[in-house]
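# Breakdown of the fold
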Amino acid sequence: MRLLFALLATGVYAQTRESNPYSLKDAAALAHGKQLYSYYCVFCHGMDGVSGRGAQLASTYRKHGSSDREMYRTIADGVPGTEMSGHWIDEDEIWKIVLFVRQFEAGAAAKRCAAPGDAARGESIFNGKGGCRNCHSKTSRLGPDLAGIGASRSIEHLRESIVEPDKAISRAYRVARLKTVNGESVRGILLNQDEYTVHVLDAAERIRSFRRTQLAELALPKESPMPSYAKTLQASEIDDVLAFLCAGGSR
Amino acid sequence: MKWFLLLPIVASAQVTNQQLLNASKAPENWLMYSGDYRSMRHSGLTEITPANAGKLTLQWAYQAKIVEKFETTPVVVDGVMYITLPPSDVVALDAATGVRLWEYKRRMPPKAQVCCGQVNRGVAVHGERVFIATVDAHMVALDRKTGRVLWDTEMTDYKPGYSGTHAPLMVKDKVIAGVAGGEYGIRGFIDAYDVATGVRKWRFYTVPGPGEFGHDTWAGDSWKTGGAPLWITGSYDPELNLTYWGTGNPGPDWNGDVRKGDNLFSCSVVALDADTGERKWHFQFTPHDEHDWDATQIMTLLDRPIRGRDRKVLVTANRNGFYYVLDRATGEFLHGKAYVKQTWAEGLDDRGRPIRRPGKLPTAEGNHVYPQVAGGTNWNSPSYSPVTDLFYVPVREGGSLYYKGAADYKPGRRFQGGFFNNEQVAHDWYGAVRALDPSTGEMKWEHRLQVPPWAGVLSTAGGVVFAGTDDGYFKALDASTGRDLWNVNLGGRVIASPMSFAAGGAQRVAIAAGSGLFVFGLR
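It should be emphasised that the depicted structure is a prediction, and the values quoted were computed from it without experimental measurement.

This part takes up the overall build of chain B. Summing up its helical and strand segments, chain B has two helices and 38 strands in all. Relative to the compact-globule value of 24 Å for 523 residues, chain B shows a C-alpha radius of gyration of 21 Å, a close match. Projected onto its principal axes, the C-alpha coordinates of chain B cover approximately 65 × 50 × 45 Å. Pairs at least 24 residues apart make up 59% of the contacts formed inside chain B by residues separated by at least 6 positions. Surface exposure of chain B reaches about 16800 Å², of which carbon and sulfur atoms provide 52%.

Next comes the structure, spelled out in structure tokens:
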């Protein structure tokens, strides 16, 4: 009884429904949801659900639950201990915002993968001539594991990753090029750089630790650790690799 | 039973007005948020020097069970330290060992909203009491020896977005604090409460109502949601009996169309009579702000000759990128100079008003303007050292993309009229600690930092400046040159300002970082 009372007392706008009364076909509700989102959410989540400093909403993954009820709770009550505070928005409006956020998911899911090539040939290129497996496997540290990648990335993104890897580099794999005062050159994945130290994972998967005072040069070029395959693989071979990635990727 | 044995350690003495007035003369204590009424953020202790700072070691640490940002500045009275934890808890520690004496835990309603985290920056002390302004907008008095609640006064209903986040200022028989909420369309105010009873003695609205001076600087009804919040502790001049408060942004933040006019007293400093709350003067740093450049910086009070004449001045490095020197008896503008890269103004005119450049306001597509939205500096403390006669500022170099959007006021909701982006323009960002000539704002030295800091600085009479970094370092610099003397990685962002005190005759320096409070000394 006390608990119930507490809930009623704290939530001026109590949630009365378990699921969203609006559907994505309801253009007016969606437009209103978008407007509300631009008032209250854009600050941290970006209008595209990607560019803000809050969680990425343009994704099908939801750490705090993806059911209507869970999304409602997240927005109404916030995520304790994070910047995401609760919102005093009435129920009807929260549902419209949920609707707008759902549209991001729909967008992310619509970018599903489909490629014309031959997946079996693609697999042998991936493991052999392409050398992809050296960096992309469950055990390699030099690149992300690509198992299941087709489910969450569009075909355009995957193609671009192979042909123009420098165009969009994931934050976890920034390249550092450095030269020590003793003349040693190292290229690797940047693990840390702070006020006094720099750490990189070199090509042999060793963690190298440097004090800034030991470095003669440090550059963070906008390049991916991954080479471009635009010249080393033929167009049809790239299609094959894409078909392999769409079909599930490295196992 | 154990706590009972610890009780005798707790100071029996009252904290008197006399002690507060002379706070800088008893550097073993740190009696208020910024150390003394002048807010110098300077410690008179001399044990730690550039020669021995390299030997600083950890004396004790206190681990708070929090995930929110830890922004407290400890207050120390006769061997007892008082800190606040987010959202609005108070903990008393033995200042020599860090052992906890008592804890006041405040339960927060789930929707108490603060734009940028449910934070708290510290307490005020007086007599047998310790005071906290809470995130749900209450002023609470606790017993200094037990943490028991003596009174608890609602400042205002928190639901429309009001909160208390800064340490109150204690003056005579009143405890004074304002409300935060500049991103929620609040109407800002500063309140004074009777220390004994918690009864409100005065209120000053930072957004004037109908018939009040400055009301005509707000178009239509825009004053009702004008913001001008308070979220950093004021300073006090006992001779003039004036308190000085830096106020925050007007609402909505990035779209000023609905609030045409200068929007007094947002982005200003107001000088209020300590007894009555009456405004003696004001100075507005950024009239009609549209970049969220709150003037919620610590106002430092100095006495010095300016252009050959002895003046009582107030100095501040403002979020808008300019350093200001004002006469604190009259509010007269004496001098101003940019201390970081700024692109929005040609400069200041002879009354201190910015001469705006066209095309520097937020736009729908995003406009790249310097300084960044968090400003050339923010709430984290500057410091003035009478030993070096330098003013130290933690600075943030770099710009932001400012976007203008729509704003629709509904109580308790964000009312911002736009947003910003830093990631896309962070390529030239960096931080620094800069030492300025207090009279001219000219830079004397700079100590560069990789990342703009959220940590404040502290200067000490031993000739050391303490600073922190966003990547978790706490460091000591030579106050005369900025040379790096010592550093330690504390493993969490430093989003707080350091302070110093003495325990058992030995100098200590304390800093909050991550979720811990760390205390260093030589022995």
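Listing the buried residues of helix α7 (residues 155-163) of chain A in full gives A:I155, A:L158 and A:I162. Taken around the axis of α7(A), the buried residues stretch over an arc of 65 degrees, which confines them to a single face.

Residue and element names in this part refer to chain B. An order of β26-β27-β30-β31 is seen for the four strands of this open sheet, with the pairing classed as antiparallel. Strand pairing shows two members of the sheet lacking a second neighbour, β26 (383-385) and β31 (443-449), which therefore form its edges. Adjacent strand axes in the sheet meet at a mean angle of 25 degrees, parallel and antiparallel pairs treated alike. Bridge count for strand β27 (residues 390-397) against strand β30 (residues 430-436) is seven bridges, and the pairing is antiparallel. If you follow R396 over to β30, its bridge partner there is G431.

Soluble globular proteins tend to bury their nonpolar side chains together. By size, the foremost hydrophobic cluster in this structure holds 61 residues, and its most contacted members are B:Y82, B:W102, B:F131, B:M139, B:V175, B:I190 and B:W245. Sequence-distant contacts of B:W102, defined by excluding residues within four places in its chain, comprise B:Y82, B:V90, B:V91, B:A92, B:V130, B:L142, B:D143, B:R144, B:K145, B:T146 and B:G147.

This brings us to the interface of chain B and chain A. Across the contact, 32 residues belong to chain B and 27 residues belong to chain A. Roughly 2800 Å² is buried in total at the junction of chain B and chain A, and carbon and sulfur atoms are behind 50% of that figure. Taken as a group, B:K111, B:R413 and B:R414 account for 26% of the area that chain B buries against chain A, more than any other trio of residues on that side. In this structure, the connection of chain B to chain A is made through four salt bridges. The residue A:E93 makes a salt bridge to B:R413 at a minimum N-O spacing of 2.5 Å. Inspection of the chain B/chain A interface yields 11 residue pairs in polar contact (both at pLDDT 80 or more). Secondary structure elements with two or more residues in the side of chain B that touches chain A: β29 (418-421), β31, β34 (473-478) and β35 (484-489) of chain B. Looking at side-chain class alone, the side of chain B that touches chain A contains 12 nonpolar, eight polar and 12 charged residues.

Another aspect to go through is the packing of aromatic side chains. Aromatic ring pairs are described here by two measures, namely the spacing of the ring centres and the angle between the planes. Residue and element names in this part refer to chain B. Scanning all chains against the criterion turns up 33 aromatic pairs over all chains. A centroid spacing of 4.6 Å and a plane angle of 70 degrees characterise the contact between F285 and Y324, whose relative ring orientation is edge-to-face. Within this pair, whereas F285 is found in the loop between β18 (279-284) and β19 (300-306), its partner Y324 is found in strand β21 (residues 322-327), the two being separated by 39 residues in sequence. Y324 carries the same exposure label as F285, and that label is buried. Joined through ring pairs, the aromatic side chains of F283, F285, W293, F322, Y324, F333, W344 and Y402 make up one cluster. Directly above the aromatic system of Y205 lies the positively charged group of R187, at a separation of 3.7 Å from the ring centroid.

Tallied over the full model, the rule gives one disulfide over all chains. Through a disulfide, B:C115 is tied to B:C116; the S-S separation comes to 2.1 Å. Of note, the bridge from B:C115 to B:C116 carries an S-S torsion of about -100 degrees and is left-handed in sense. Given a relative accessible area of 32%, B:C116 falls into the partly exposed group. Left unpaired, A:C132 is separated from the closest cysteine sulfur, that of A:C135, by 8.6 Å. Judged by its relative accessible area of 12%, A:C132 falls in the buried class. Given a relative accessible area of 27%, A:C135 falls into the partly exposed group.

All names here are of chain B. Tracing the backbone through its elements, the reader meets D470 in the loop between β33 (464-468) and β34. By relative accessible area, D470 is classed as buried at 17%. Here the side chain of D470 touches R493 through a polar contact of 3.3 Å, side chain to side chain. Every residue in contact with D470, bar those within four places of it in the chain, is listed here: V451, P452, W454, R493 and V494.

Moving on, we come to the sheet that holds strand β20 (residues 309-317) of chain B. Strand pairing in a sheet takes place through backbone hydrogen bonds and is either antiparallel or parallel in direction. Residues and elements named next belong to chain B. An order of β19-β20-β21-β22 is seen for the four strands of this open sheet, with the pairing classed as antiparallel. The sheet is open, and its two edges are formed by β19 and β22 (333-338), each paired on a single side. Pairwise comparison of adjacent strand axes, ignoring direction, gives a mean angle of 30 degrees for this sheet. The pairing of β21 with β22 spans five bridges and is classified as antiparallel. Across the sheet, residue F322 finds its bridge partner in β22, namely A338.

What follows covers the pairing of strand β4 (residues 207-211) of chain A. All names here are of chain A. By the alternation rule, side chains of β4 split into R208 and F210, which are all buried, and I207, S209 and R211, of which none is buried. Where strand β3 (residues 197-202) lies against β4, five bridges are found, and the strand directions are antiparallel. If you follow L201 over to β4, its bridge partner there is I207. Joining the antiparallel neighbours β3 and β4 is a turn of four residues, in which E205 adopts a positive phi near 60 degrees.

As a working rule, side chains carrying opposite charge can pair if their charged atoms are close by. On inspection of all chains with the given rule, the structure shows 55 salt bridges over all chains. Note that A:E18 and A:R69 form a salt bridge whose closest N and O atoms lie 2.8 Å from each other. In this pair, A:E18 sits in the loop between α1 (2-10) and α2 (27-40) while A:R69 sits in helix α4 (residues 68-77), placing the two residues 51 residues apart along the sequence. Its relative accessible area of 37% is what places A:R69 among the partly exposed residues. Two residues, B:R328 and B:D303, come together in a salt bridge whose shortest N-O distance is 2.9 Å. With a gap of 25 residues between them, B:R328 in the loop between β21 and β22 and B:D303 in strand β19 connect regions that are remote in the sequence. Relative accessible area serves as the criterion here: at 1%, B:R328 is assigned to the buried category. Under the relative-accessibility criterion, B:D303 is labelled partly exposed at 43%.

Conventions adopted
Residue numbers restart at each chain and count upward from 1, following the sequence in its written direction. Here every chain gets a letter starting at A, and every ligand a number starting at 1, in the order they are written. Local features are withheld for residues below a pLDDT of 70 in this predicted model, meaning they are given only at 70 or higher, and side-chain atom pairs are given and counted only at 80 or more; totals for whole chains, interfaces and linings count all residues. Side-chain calculation: all heavy atoms of the structure are included, whereas hydrogens and water are not. Each helix is a run of H or I in the DSSP string that is no shorter than four residues. Each strand is a run of E no shorter than two, and both are numbered from the N terminus. For this measure, only C-alpha atoms enter the radius of gyration; the expected value for a globule follows 2.2 Å times N^0.38, where N is the number of residues. Residue contacts are counted whenever heavy atoms from the two residues lie within 4.5 Å of one another. Surface accessibility in these figures is a Shrake-Rupley result with a 1.4 Å probe; residues are shielded only by whichever protein chains are displayed. Using a 1.4 Å probe on the protein chains alone, a residue whose accessible area is under 20% of its type maximum counts as buried, one over 50% counts as exposed, and one in between counts as partly exposed. Directions drawn from the helix axis to the C-beta atoms are what define this arc. At least two DSSP bridges between two strands are needed for those strands to be called paired. For helices, the fitted line uses only the C-alpha atoms of the stretch in contact; every axis is such a line through C-alpha atoms, and the angle between N-to-C directions lies from 0 to 180 degrees. We call a set of buried Ala, Val, Leu, Ile, Met, Phe, Trp, Tyr and Cys residues a nonpolar core when their side-chain atoms join them within 4.5 Å. Buried area is understood as the total, over both parts, of accessible area removed when two parts are fitted together, assessed with a 1.4 Å probe. The salt bridge criterion pairs a side-chain nitrogen of Lys or Arg with a carboxyl oxygen of Asp or Glu, the two atoms within 4 Å. Whenever a nitrogen or oxygen atom comes within 3.5 Å of another N or O atom, the pair is scored as a polar contact, on the condition that within protein one atom can donate a hydrogen and the other can accept it, and that pairs from neighbouring residues in sequence are kept only if both atoms are in side chains. Residues are sorted three ways: Asp, Glu, Lys and Arg are charged, Ala, Val, Leu, Ile, Met, Phe, Trp, Tyr, Cys and Pro are nonpolar, and all the rest, Gly among them, are polar. Stacked, edge-to-face and tilted labels apply to pairs of Phe, Tyr and Trp rings (six-membered ring for Trp) whose centres lie within 6.5 Å, assigned for plane angles under 30 degrees, over 60, and everything in between, in that order. Distance and angle both matter: a charge sits over a ring if NZ of Lys or CZ of Arg is within 6 Å of the ring centre and within 35 degrees of the ring normal. Any two cysteine sulfur atoms within 2.5 Å of one another count as a disulfide.

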